[in-house]
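A structural walkthrough
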Amino acid sequence: QVQLVESGGGLVQAGDSLRLSCAASRRTFSRYVMGWFRQAPGKEREFVAGISPSGGVTSYGDSVKGRFTISRDNANTGYLQMNSLKLEDTAVYYCAARESSSATLWMSGDGYNYWGQGTQVTVSS
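This write-up is about the structure you can find in this document. Computed from a predicted model, the values in this text were never measured in an experiment.

In this section: the pattern of salt bridges. Applying the stated rule across the entire model yields four salt bridges. Across the pair Asp 89 and Arg 38 runs a salt bridge, and its minimum N-O distance is 2.9 Å. Note that Asp 89 is positioned in the loop between strand 8 (77–82) and strand 9 (91–98) and Arg 38 in strand 4 (residues 33–39), a separation of 51 residues in sequence. Grouping residues by exposure puts Asp 89 and Arg 38 together as buried.

The next point concerns the environment of Gln 39. Looking at where Gln 39 falls in the secondary structure, it is placed in strand 4. Distance in space between the C-alpha atoms of Gln 39 and Arg 67 is 18 Å, their sequence separation being 28 residues. When near neighbours in sequence (up to four residues on either side) are disregarded, Gln 39 contacts Glu 44, Arg 45, Ala 91, Val 92 and Tyr 94. One polar contact links the side chain of Gln 39 to the main-chain carbonyl oxygen of Lys 43, over a distance of 3.1 Å.

On to the pairing of strand 3 (residues 18–24), then. Across the seven residues that make up strand 3, a large majority, five, are buried. Here strand 1 (residues 4–7) runs beside strand 3; their pairing, made up of four bridges, is antiparallel. Paired with Ser 7 across the strands is Ser 21, a residue of strand 3. For strand 3 and strand 8, the ladder comprises six bridges, and the chain directions are antiparallel. Across the sheet, the residue bridging to Cys 22 is Gly 78, located in strand 8.

Let us now look at the sheet that holds strand 7 (residues 68–72). Strand order in the open sheet made by the four strands is 1-3-8-7, with antiparallel pairing throughout. Every interior strand has two partners, whereas the edge strands, strand 1 and strand 7, have only one. Across the sheet, the mean angle from the axis of one strand to that of its neighbour is 15 degrees, orientation sign disregarded.

Here we take up the packing of aromatic side chains. Per the stated rule, a full pass over the model turns up five aromatic pairs. Judged by centre distance (5.7 Å) and plane angle (85 degrees), the ring pair of Tyr 32 and Tyr 114 falls under edge-to-face. Residue Tyr 32 is located in the loop between strand 3 and strand 4, and its partner Tyr 114 is located in strand 10 (residues 114–115); the two are separated by 82 residues in the primary sequence. For Tyr 32, a relative accessible area of 12% gives the class buried. Residues Phe 37 and Phe 47 carry aromatic rings whose centres are separated by 5.6 Å and whose planes lie at 70 degrees to one another, so their mutual orientation is edge-to-face. With Phe 37 in strand 4 and Phe 47 in strand 5 (residues 46–51), this pair connects stretches of sequence that are 10 residues apart. Like Phe 47, Phe 37 is buried. In textbook terms, an aromatic cluster arises when at least three aromatic residues are bridged by ring pairs, as seen for Phe 37, Phe 47, Tyr 112 and Trp 115. In this structure, Arg 45 packs its charged tip against the face of Phe 37, placed 5.7 Å from the ring centre.

Parameters and conventions
Residues numbered from 1 in each chain as written. Predicted model: local features only at pLDDT ≥ 70, side-chain atom pairs only at ≥ 80, totals over all residues. Heavy atoms only, no water. Salt bridge = Lys/Arg side-chain N within 4 Å of Asp/Glu carboxyl O. Helix = DSSP H or I, 4+ residues; strand = E, 2+ residues; numbered from the N terminus. Buried < 20%, exposed > 50% of the residue type's maximum accessible area, 1.4 Å probe, protein only. Contact = heavy atoms within 4.5 Å. Polar contact = N/O pair within 3.5 Å; in protein donor to acceptor, adjacent residues only side chain to side chain. Pairing = 2+ DSSP bridges. Axes fitted to C-alpha atoms, helices over the stretch in contact; angles between N-to-C directions. Phe/Tyr/Trp six-rings, centres within 6.5 Å; stacked < 30°, edge-to-face > 60°. Lys NZ or Arg CZ within 6 Å of the ring centre and 35° of its normal.

The following block contains the structure:
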């Protein structure tokens, strides 16, 4: 069992940057794919980014490519660096972990075994 805790959310202005963190309760987190998802009120959950256990492979949702960067350390923490934030980035952001798999599967939230409680990101004009 792996528990995930997100932090770093907050209220920012459009164009600002923010870095989210995902702290895992076990070092075995390093064996899992880590994903970031988000959900805005009234909208479907959306894949934001994913990273392989080694950190060598990353994948991004189309709406954040070129603005967000996912990374992880060698132990039990992952990050989502968000630059050039837009109003439409406002959402609750969730960290998730799944068994290692092809990157083509990362976009589906159904394959993730562990989820954090979420952190709110609000972008204002």
